[in-house]
Every structure is written in C-alpha cells, then in structure tokens.
Amino acid sequence: MELTVPQKLPDPPRSFDEFLKSQNWDYWPRDVHFRDSDIWEDTLKKLEEAISYTSIYSYLWTNVPRLYDIVDSLESKLKESSHLLQHHASRLFESDKMISKKRSYTNLERYKAFVKEHYRPKKIALSDRMETEKNIEGCTFLFNQNEVTQLPRHLDAKQIYLYVLRTQNFEEKVFKVWKTHVLSDCSIALLHDSFWWWFLHKFKPDKRDEDFLFDRIAESYVTLFIKIPLRRKDAFFKMYPDCLTQAVYTTFQESFPESCSLFNDKFKEDLGNTIFLWLSGLKPETGFWTHWKLQDLCTTTIHGSKRVPVKLRRSVIPSQEHIPGTPWTRRR
C-alpha cells in the first residue's frame, strides 16, 4: 500500500504586497474597459452637473418653501377674499329680492330707533406711556451696545421693508431676489440704527450715542456689502440707499403719527442726502423723493387702515443739523 506524500503548504504572506501577489492582485485597481466609452463619459458628465452647487442651489430655491413666500401668498388670498366679500355685500343690499317693497317698514324703523338709542361707542383707554409714544417728544432712546434697539411701538423692520419694496412695482423675479438681501440681518440692523441715529441727530442730540450708532451702521454696511454677490452689487446698491431712506421715513410716520407734520419735504430731503452720502458718497438729485409712493402715509397705515386725525400736543424744535461724512472717512 502506497503512502501519499503530504504536499508542503506554501508559507502565508508576510506583507501586504505578498498577499496581493498570492491573490493575483499585484496590480490594483485594474483598468476597467467599457465597450461604449462615449455613453460612460456622457453619464459621468450628467452626474457631475446634477451634484454641482448651482444645480443643488437652483433645486432648493425652486422647491423649498420660504416663509415670506407663504406670507405673500396668504396676503394675496386675503385681499382677493376681501374684494369678493365687498362685491357680494354690495350686491346683497342692492338686491330687490331681499326686501319686499310691498312690506311695511314699521318694524325696520323701530329696530333702527332701538339700535340708535342703545348704541354706545367703544372706547379704548390708553395708558400715558402709549399716548406719549405716538409723538416724538414722548419717545426716548435707550442704547444697547450688544444688540439693536427695537423700533417704537413694536414696529417690525421686515414689515416696513416689505411695504416699501411692494411700492416699487418690481417684477416678481426681481422682487424675490431683492427681498432676500433687503431682509437680511445686517440690512435689518441698518434700518434700526439709521432710524435711531436720525432720531437723535434731528430731534434729541446725543453725540456719544450717535457715535456708537454710527460705528455700528458702518459695520452693518460692510457686512451687507460683502454678502451681496458680485454680479448683483451695482444694481443692488443703486437701489438700496433710496430703499433704506424710504424705510426710515416710513418708520417715522408709523411711530409718531401725532408728529407727522414734522416729516415734511425738507425732512425727506435731508434724510435722503445723509443716507446717500453714507452708502454711496454722493447726494441724490434734488427732489428725489417725489417718485415715492408713500403720500398716503399721513392718513393711512402700512396695513391699509385709516389713521384717526390727531393734533400735535407740543411743538418740537429740531436741532441744528449737520451732514456727517461717510462711514469710512468720518473722524472720531
């Protein structure tokens, strides 16, 4: 009986290179050859385009809902519903079918007399603080170095900006682009600080607070300038100084309705000259404000409701004015 001689087992690989060689993987990765290289290159090109920054940004911009788009849509629907309601209400009272002409109006006259006798107008009692906040003399500025001071009467800077932008009659595409930049944090800070700087400068001078606000205005402007894409800078900053001026003017009208007589043509001219000098280094044309569509602010709020006519309680004498230099040239 023959005995089988045992085969000698090879030594296990002692290095990574030996392992690859034992598995016939001494060259890795191996070249992969495709039958149709053109289709493969085209697929790779489409894949690169699909995962590019521009493609992803465009997809998100088109498909992801934004808060202000929802608000604008809701506001449009509310306005449409309001018009429909007014239309149907007018038709309702004009309809001959609602009240028969043959019926006696005795009961109707009696009901009207009853309502007139017992009607009591509703009155809202305002605190002294709420009363004084409607005029400039009753308002004070409290400076906070760490955050912007809120606008008077709890006004929202974003609503002010949106009101101003809607008066410009921009195309929908342009409106969406400008709205993104105008409603940015640094632009909101510019409106807050510019409003309060002009409030102090024009009515209640305080050099120390004005200087602090001016420094912060310069910082916010630089931040905004850096954030605007290069391709949009010229167009945006051609429009923005006028937009900011209108927003500051609107804030004064909304904050101090009892002092609206102070916000005259000279007030608008001086305000615009100052802000244009800050942001562009040049004064606008004389009477630049005549193209504004804010003429109704004296009698109507930014929400469309009518103002109750009021008289100024006390006259306020504006301080002697001066036009400051631009944020990058002014000396401390």
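Let us look at the structure shown here. Please read these numbers as outputs of a predicted model, since none were measured by experiment.

Conventions and cut-offs
- Residues numbered from 1 in each chain as written.
- Predicted model: local features only at pLDDT ≥ 70, side-chain atom pairs only at ≥ 80, totals over all residues.
- Heavy atoms only, no water.
- Helix = DSSP H or I, 4+ residues; strand = E, 2+ residues; numbered from the N terminus.
- Buried < 20%, exposed > 50% of the residue type's maximum accessible area, 1.4 Å probe, protein only.
- Contact = heavy atoms within 4.5 Å.
- Phe/Tyr/Trp six-rings, centres within 6.5 Å; stacked < 30°, edge-to-face > 60°.
- Core = buried A, V, L, I, M, F, W, Y, C linked by side-chain atoms within 4.5 Å.
- 1 Å grid on protein atoms, 1.4 Å probe; cavity = no way out; pocket = protein on both sides within 12 Å on 5 of 7 lines; lining within 4 Å.
- Points joined across faces, edges and corners; volume = space filled by probe spheres on them.
- Nonpolar A, V, L, I, M, F, W, Y, C, P; charged D, E, K, R; others polar.
- Domains from an automatic or database assignment.
- Axes fitted to C-alpha atoms, helices over the stretch in contact; angles between N-to-C directions.
- Parallel < 35°, antiparallel > 145°, perpendicular 65-115°, else oblique.
- Salt bridge = Lys/Arg side-chain N within 4 Å of Asp/Glu carboxyl O.
- Left-handed = near helix turned anticlockwise from the far one by under 90°.
- Expected span 1.5 Å × (residues − 1).
- Bend = angle between axes of the 7 residues up to and from the residue.

1. Points about the overall build of the protein chain
Working step 1: Regarding its fold elements, the protein chain presents 12 helices and 0 strands.
Working step 2: Starting at the N terminus and walking to the C terminus, you meet the elements of the protein chain as α-α-α-α-α-α-α-α-α-α-α-α.
Working step 3: Buried positions account for 33% of the 332 residues belonging to the protein chain.
Working step 4: Sequence separation of at least 24 residues holds for 74% of the intrachain contacts in the protein chain that already meet a minimum separation of 6.

2. Details of the packing of aromatic side chains
Aromatic ring pairs: the centre-centre distance and the angle between the two ring planes describe each pair.
Working step 1: Applying the stated criterion across every chain yields a total of 29 aromatic pairs.
Working step 2: Look at Trp197 and Trp198: their rings are 6.3 Å apart centre to centre, the planes differ by 25°, and that puts the pair in the stacked class. Neither residue differs from the other here; Trp197 and Trp198 are each classed as buried.
Working step 3: Between the aromatic rings of Trp197 and Phe214, the centroid separation amounts to 6.4 Å while the plane-to-plane angle is 55°, which identifies the pairing as tilted. Here Phe214 lies in helix H10 (residues 207-227) and Trp197 lies in helix H9 (residues 185-202), a separation of 17 residues in the sequence. Like Phe214, Trp197 is buried.

3. Some remarks on the nonpolar core
Working step 1: Tyr161, Phe199, Phe236, Tyr240, Phe252 and Phe263 are the most contacted members of the largest nonpolar core, which totals 58 residues.
Working step 2: Of all elements in the fold, only helix H7 (157-166), helix H8 (172-182), H9, H10, helix H11 (230-255) and helix H12 (265-280) reach the threshold of two or more residues within this core.
Working step 3: Setting aside anything within four residues of it in sequence, one finds Tyr161 in contact with Val182, Leu183, Ser187, Ile188, Leu191, Tyr240, Cys243, Leu244 and Ala247.

4. Quick notes on the layout of surface pockets
Working step 1: Quantified by volume, the second largest pocket comes out at close to 400 Å³.
Working step 2: Lining the second largest pocket are 13 residues, and of these Tyr57, Trp61, Val177, Arg231 and Arg232 lie nearest its centre.
Working step 3: Of all elements in the fold, only helix H3 (53-63), H8 and H11 reach the threshold of two or more residues within the lining of the second largest pocket.
Working step 4: Within the lining of the second largest pocket, the residues separate by chemical class into 5 nonpolar, 4 polar and 4 charged.
Working step 5: Both domain 1 (37-89) and domain 2 (157-299) contribute no fewer than three residues apiece to the lining of the second largest pocket.

5. Some details on the packing of H7 against H9
Working step 1: Where H7 contacts H9, the two axes come as close as 10 Å, and the packing angle between them is 95°. Judged on the interaxial angle alone, H9 and H7 are roughly perpendicular. The segment H7 lies against H9, with Ala157, Lys158, Ile160 and Tyr161 engaging Ser187, Ile188, Leu191 and His192.
Working step 2: Classifying every residue of the contact of H7 with H9 by side-chain character gives 5 nonpolar, 2 polar and 1 charged.

6. Description of the pattern of salt bridges
Working step 1: As enumerated under the stated definition, the model contains 7 salt bridges in all.
Working step 2: As a salt-bridge pair, Lys46 and Asp42 come within 3.5 Å of each other at their nearest N and O atoms. One end of the pair is Lys46 and the other is Asp42, both in helix H2 (residues 37-50) and 4 residues apart, which spans about a single turn.
Working step 3: On the accessibility criterion, Lys46 (53% relative accessible area) is exposed.
Working step 4: Lys202 is paired through a salt bridge with Asp270; the nearest N and O atoms lie 3.6 Å apart. Here the residue Lys202 occupies a position in helix H9, and Asp270 occupies one in helix H12, the gap between them amounting to 68 residues. Each of the two residues, Lys202 as well as Asp270, counts as buried.
Working step 5: One continuous salt-bridge network, built from bridges that share partners, spans Lys202, Lys266 and Asp270.

7. Some words on the packing of H9 against H12
Working step 1: The N-to-C vectors of H9 and H12 enclose an angle of 125°; their axes lie 12 Å apart at closest approach. Comparing the axis directions of H9 and H12 gives the class oblique. Two packed elements cross with a definite hand, and for H9 against H12 that hand is right-handed. Residues Ser194, Trp197, Trp198 and Lys202 of H9 pack against Phe267, Asp270, Leu271, Thr274 and Trp278 of H12.
Working step 2: Looking at the contact of H9 with H12, its residues break down into 5 nonpolar, 2 polar and 2 charged.

8. Re unusual backbone geometry
Working step 1: The residue His154 is not glycine, and still its phi comes out positive at about 60°.
Working step 2: Here His154 is to be found in the loop between helix H6 (128-132) and H7.
Working step 3: Overall, the relative accessible area of 79% leaves His154 in the exposed class.
Working step 4: For Asn169, which is not glycine, the phi torsion reads 60° and is therefore positive.
Working step 5: Looking at where Asn169 falls in the secondary structure, it is placed in the loop between H7 and H8.
Working step 6: The class for Asn169 is exposed, based on a relative accessible area of 57%.

9. A look at H11
Working step 1: With 26 residues, H11 should reach 38 Å at 1.5 Å per residue; the first-to-last C-alpha distance of 36 Å fits that figure.
Working step 2: At Phe236, H11 shows its largest bend, some 40°.
Working step 3: Counted residue by residue, H11 has 20 buried out of 26 residues, so it is predominantly covered.

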